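Single-letter residue listing:
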Protein chains: 2
Amino acid sequence: MKIVRRVSELRDEVRRARARGAERVGIVPTMGALHDGHLSLVRAARRDGDVVVMSIFVNPKQFTESADLAGYPRQEAADAALAESAGVDVLFAPDAAELYPDGFATTVHVGGPLTQTMEASGRGPEHFDGVATVVAKLLLASDADAAYFGQKDAQQVMVVRRMVADLGIRTRIVACPTVRDRDGLALSSRNVRLSAEERSRATAIPRALEAVEAALALGETSVEALHARAAAVLTAAGISPEYVAFVDERTVRPVSEIADPVLCAIAARVGSVRLIDNALLALPDPTEEH
Amino acid sequence: MKIVRRVSELRDEVRRARARGAERVGIVPTMGALHDGHLSLVRAARRDGDVVVMSIFVNPKQFTESADLAGYPRQEAADAALAESAGVDVLFAPDAAELYPDGFATTVHVGGPLTQTMEASGRGPEHFDGVATVVAKLLLASDADAAYFGQKDAQQVMVVRRMVADLGIRTRIVACPTVRDRDGLALSSRNVRLSAEERSRATAIPRALEAVEAALALGETSVEALHARAAAVLTAAGISPEYVAFVDERTVRPVSEIADPVLCAIAARVGSVRLIDNALLALPDPTEEH
């Protein structure tokens, strides 16, 4: 595995790989602090392509809380070892001055409902500008055929898909299933900051999603009723969520009945750690045998 | 010359040309109403490259006055003939729904001093967002090695250069000299809307720039004094300019003395037509013989 720090080096690596016959280049954009969720993205990229690039960049533009940015875990040596063992060919680990040199002045902004709901309130309106800008840069720098993102950050995937379609960036966006620990908690680099007691309470988030899915499977399609199921599970664990949202999977507009595929997304602080999780809800297939 | 209306067709044409051995693709983005200024860009692209793409798209996002958008001259058949005779290989003439389909939500915004001065006041703050967004889309759609712009729109060139550098779009930006009519007026698609009397008065704009250059050549480096020369020429023609700006050529910050290269830019309405022009000022080379 080659580690490069500069955009020009990344371009050279990709160009050389293509000259050697590589046809499909995949990129896994990360902020480091790798866990098995990231590695599942690498494995997906490995299956699809000839060359796997991973970027590790704690993007200051997408943090709106300086404490969150400062406290974000950084462990490059350990990350590099994990990346290499999972099959990364090129690790791109630039510093902030490489991606945002003096005089940098451009923002890629995705407007509309997509960035006015859910994470926009919790993370601030600039969060998704930071995401869209850095992802545009990473896709263009890597000239990737496909980019792999975790479905855990469902709204981020939607924003990236919108941006890529709107600007005509040729990279295909692939969303991979959320990876969970045995206790059901979605893997997140922020989980390490949970105490044992917080960790135990945090499992109420995936349990709330399961409660919603179970009720839907039994025929409950009212969002008001499903919301109450989720809230009950969270409340029992002493968790007061930032939001429990039921939105149309494509438009992110709130829905009141489950008809078309609906994203149920939860954000909550447990102690000082902000966690998110989601499930894609669909009506049970009436033709399916039980 | 092939005329295509869809991004996918443009991509196919460029891909086919590269497969046939074309190494350098140039694009000349225009809003149509072609004049010899545009054709000089085509000739530059023709000299540099194997394939010349021209886009014709009256971009609604960069118009902040609906009357200017509605009144912008549209003459596609005549433009196509001119483009073909100048050596365009592929004419890309999409409609607005092709570049901005339903749900389009992305804006490329260049911030900072570059977009807070000169044309930002005359054309509104969204003007350069519209320019940056459509140019990003055109460069990515054409996968061009070089793009050709007229130096007449000096600030536009600066904004495009900034955006391309910041996002890491691989296209080289080439600025070509302003082309002028015999009376000195910079060619512009808007000139056709001038009456004969207005046309005659409008020549005060290039004459004001010449007066500045002449004074500088004689050793006058004070911007206050140079500004007065320009203002005198304009006033004599009954023109009250929107701005006569002297700005650092790289930062667009106002200067008070000519030392480093300075852009002198003028915007003025003559009748109902808004015209711009500029000159790049540099100190006379003291080593040059006279």
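This structure is a prediction, so every number in the text was calculated from the model and none was measured.

**Student:** Any chance you could explain the overall build of chain A here in plain terms?
**Tutor:** Looking only at helices and strands, chain A has 11 helices and 10 strands in total. The C-alpha radius of gyration computed for chain A amounts to 19 Å, which stays within 12% of the reference 19 Å derived for 290 residues, consistent with globular compactness. Taken along its principal axes, the extent of the C-alpha atoms in chain A is 55 × 45 × 35 Å. Expressed as a percentage of its 290 residues, the buried residues of chain A come to 55%.

**Student:** Sorry if this is basic, but what is going on with the environment of V7 of chain B here?
**Tutor:** Residues and elements named next belong to chain B. Tracing the sequence through the fold places V7 in helix α1 (residues 7-19). Under the relative-accessibility criterion, V7 is labelled buried at 17%. The sequence separation of V7 and F92 amounts to 85 residues, and the corresponding C-alpha distance is 8.2 Å. Aside from chain neighbours lying at most four places away, what touches V7 is F92, E98, L99 and A141.

**Student:** I tried to follow the relation of the copies chain B and chain A on my own but got confused; where do I start?
**Tutor:** One copy of the chain maps onto the other through a rotation about an axis plus a displacement along that axis. With an RMSD of 0.0 Å, chain B superimposes on chain A once it is rotated by 180° and translated 0.0 Å along the axis. Within this description, the copies of the chain are treated as partners about a two-fold rotation axis. Using C-alpha coordinates, one finds that chain B approaches the rotation axis most closely at V108 of chain B, a distance of 2.3 Å. By residue overlap, the copies meet face to face through one surface: 100% of the interface positions of chain B are interface positions in chain A.

**Student:** Explanation requested: the UniProt feature "binding site: beta-alanine" (unreviewed entry) in chain A in the structure shown.
**Tutor:** Residue and element names in this part refer to chain A. According to UniProt, the "binding site: beta-alanine" (unreviewed entry) feature falls on Q62. Position of Q62 among the secondary structure elements: in the loop between β3 (51-56) and α3 (66-71). In this structure, Q62 is in contact with M31, H127, G130, V131, V134 and Q156, ignoring residues within four places of it in sequence. Separated by 2.9 Å, the side chains of Q62 and N59 make a polar contact.

**Student:** I keep staring at the interface of chain B and chain A and nothing clicks. Help me out?
**Tutor:** Interface extent is often summarised as the accessible area lost during association of the parts. At the junction of the two partners, chain B supplies 19 residues and chain A supplies 19 residues. When chain B packs against chain A, close to 1,700 Å² is buried across both sides, 52% of that on carbon and sulfur atoms. Its largest share of buried area at the contact with chain A, chain B owes to T106, D166 and L167 of chain B, together 32% of the area lost on that side. At the boundary of chain B with chain A, the tally comes to zero salt bridges. Our enumeration of links across chain B and chain A arrives at 14 residue pairs in polar contact (both at pLDDT 80 or more).

**Student:** Looking at this model, I keep getting lost on the packing of helix α7 (residues 127-142) of chain A against helix α8 (residues 154-167) of chain A. Mind explaining?
**Tutor:** Helix-helix packing: each pair is described by the crossing angle between the helix axes and the interaxial distance. Residues and elements named next belong to chain A. Their axes nearest at 10 Å, the elements α7 and α8 cross at an angle of 55°. Here α8 runs oblique to α7, going by the angle between their axes. Remark: the crossing between α7 and α8 carries right-handed chirality. Residue-level contacts link F128, V131, A132, V135, A136 and L139 of α7 to Q155, Q156, V159, V160, M163 and V164 of α8.

**Student:** Is there a simple way to think about the nonpolar core in this case?
**Tutor:** In a soluble, globular protein the nonpolar side chains are often hidden away together inside. Judged by nonpolar contacts, the single largest core of 104 residues is most densely connected at M163 and I169 of chain A together with M163 and I169 of chain B. If sequence neighbours within four positions are ignored, M163 of chain B has contacts with T106 of chain A together with V108, V110, A132, V135, A136 and I169 of chain B.

**Student:** Which parts of the structure should I look at to understand the pairing of strand β7 (residues 172-176) of chain B?
**Tutor:** Remark: a regular strand shows side chains that alternate across the two faces of the sheet. All names here are of chain B. Bridge analysis of strand β6 (residues 146-150) against β7 gives five bridges, and the strand direction is parallel. Paired with A147 across the two strands is I173, which belongs to β7. The β-α-β motif built from β6, the intervening helix α8 (residues 154-167) and the parallel element β7 has right-handed crossover chirality.

**Student:** I keep staring at the UniProt feature "binding site: (R)-pantoate" (unreviewed entry) in chain A and nothing clicks. Help me out?
**Tutor:** Residue and element names in this part refer to chain A. Those places that UniProt annotates as "binding site: (R)-pantoate" (unreviewed entry) correspond, in this numbering, to Q62 and Q156. The largest pairwise C-alpha distance within this set of annotated residues, which runs over 95 residues, is 11.1 Å, so the set is compact in three dimensions. For Q62, a relative accessible area of 11% corresponds to the buried category. If near-sequence neighbours (up to four positions away) are discounted, Q156 is found in contact with Q62, F128, V131 and F149.

**Student:** Quick question: what am I supposed to make of the pattern of salt bridges here?
**Tutor:** Pairing is possible between side chains that carry opposite charge, provided their charged atoms lie close to one another. Residue and element names in this part refer to chain A. Taken as a whole, this structure holds 49 salt bridges over all chains when the rule is applied. The shortest N-O distance in the salt bridge between R18 and D145 comes to 3.0 Å. One end of the pair, R18, is in helix α1 (residues 7-19); the other, D145, is in the loop between α7 and β6 (146-150), and 127 residues separate them in sequence. With its nearest N and O atoms 2.8 Å apart, the salt bridge here joins D166 to R162. Of this pair, D166 and R162 both sit in helix α8, four residues apart, roughly one helical turn. For R162, a relative accessible area of 23% gives the class partly exposed. Overlapping salt bridges, with partners in common, bring together R18, D143, D145 and R170 in one network.

**Student:** So what exactly am I meant to see when it comes to the environment of A132 of chain B here?
**Tutor:** Residues and elements named next belong to chain B. When you line up the elements, A132 lands in helix α7 (residues 127-142). Sequence-wise, A132 and F57 are 75 residues apart; in three dimensions their C-alpha atoms are separated by 14 Å. For A132, the contacting residues outside a window of four places in its chain are V108, V110 and M163.

**Student:** Looking at this structure, how should I read the domain arrangement of chain A?
**Tutor:** Residues and elements named next belong to chain A. Each assigned domain of chain A is listed with its residue range as follows: domain 1 (2-176) and domain 2 (189-281). Computed over C-alpha atoms, the centres of domain 1 and domain 2 are 26 Å apart. Between domain 1 and domain 2, the contact holds 22 residues from the first and 21 residues from the second. Across the domain 1/domain 2 interface, buried area totals approximately 1,700 Å², and carbon plus sulfur atoms make up 53% of it. Among the residues of domain 1 in contact with domain 2, M118, K152 and M158 are the three that bury the most area, contributing 30% of the side total. Counting the contacts that link domain 1 with domain 2 gives four salt bridges. In this structure, the salt-bridge partner of E119 is R274, at a minimum N-O distance of 2.7 Å. Where domain 1 packs against domain 2, one counts nine residue pairs in polar contact (both at pLDDT 80 or more). Secondary-structure elements contributing two or more residues to the side of domain 1 that touches domain 2 are α3, α6 (119-123) and α8. Ranked by residues supplied to the side of domain 1 that touches domain 2, first place goes to α6 with three residues.

Criteria and cut-off values
- Residues numbered from 1 in each chain as written.
- Chains lettered and ligands numbered in written order.
- Predicted model: local features only at pLDDT ≥ 70, side-chain atom pairs only at ≥ 80, totals over all residues.
- Heavy atoms only, no water.
- Helix = DSSP H or I, 4+ residues; strand = E, 2+ residues; numbered from the N terminus.
- Rg over C-alpha atoms; globule rule 2.2 N^0.38 Å.
- Buried < 20%, exposed > 50% of the residue type's maximum accessible area, 1.4 Å probe, protein only.
- Contact = heavy atoms within 4.5 Å.
- Least-squares fit on C-alpha atoms with pLDDT ≥ 70 in both.
- UniProt positions renumbered as here; feature names shortened; annotations may be inferred.
- Polar contact = N/O pair within 3.5 Å; in protein donor to acceptor, adjacent residues only side chain to side chain.
- Buried area = accessible area lost by both parts, 1.4 Å probe.
- Salt bridge = Lys/Arg side-chain N within 4 Å of Asp/Glu carboxyl O.
- Axes fitted to C-alpha atoms, helices over the stretch in contact; angles between N-to-C directions.
- Parallel < 35°, antiparallel > 145°, perpendicular 65-115°, else oblique.
- Left-handed = near helix turned anticlockwise from the far one by under 90°.
- Core = buried A, V, L, I, M, F, W, Y, C linked by side-chain atoms within 4.5 Å.
- Pairing = 2+ DSSP bridges.
- Right-handed = clockwise from strand over helix to strand, strands pointing away.
- Domains from an automatic or database assignment.

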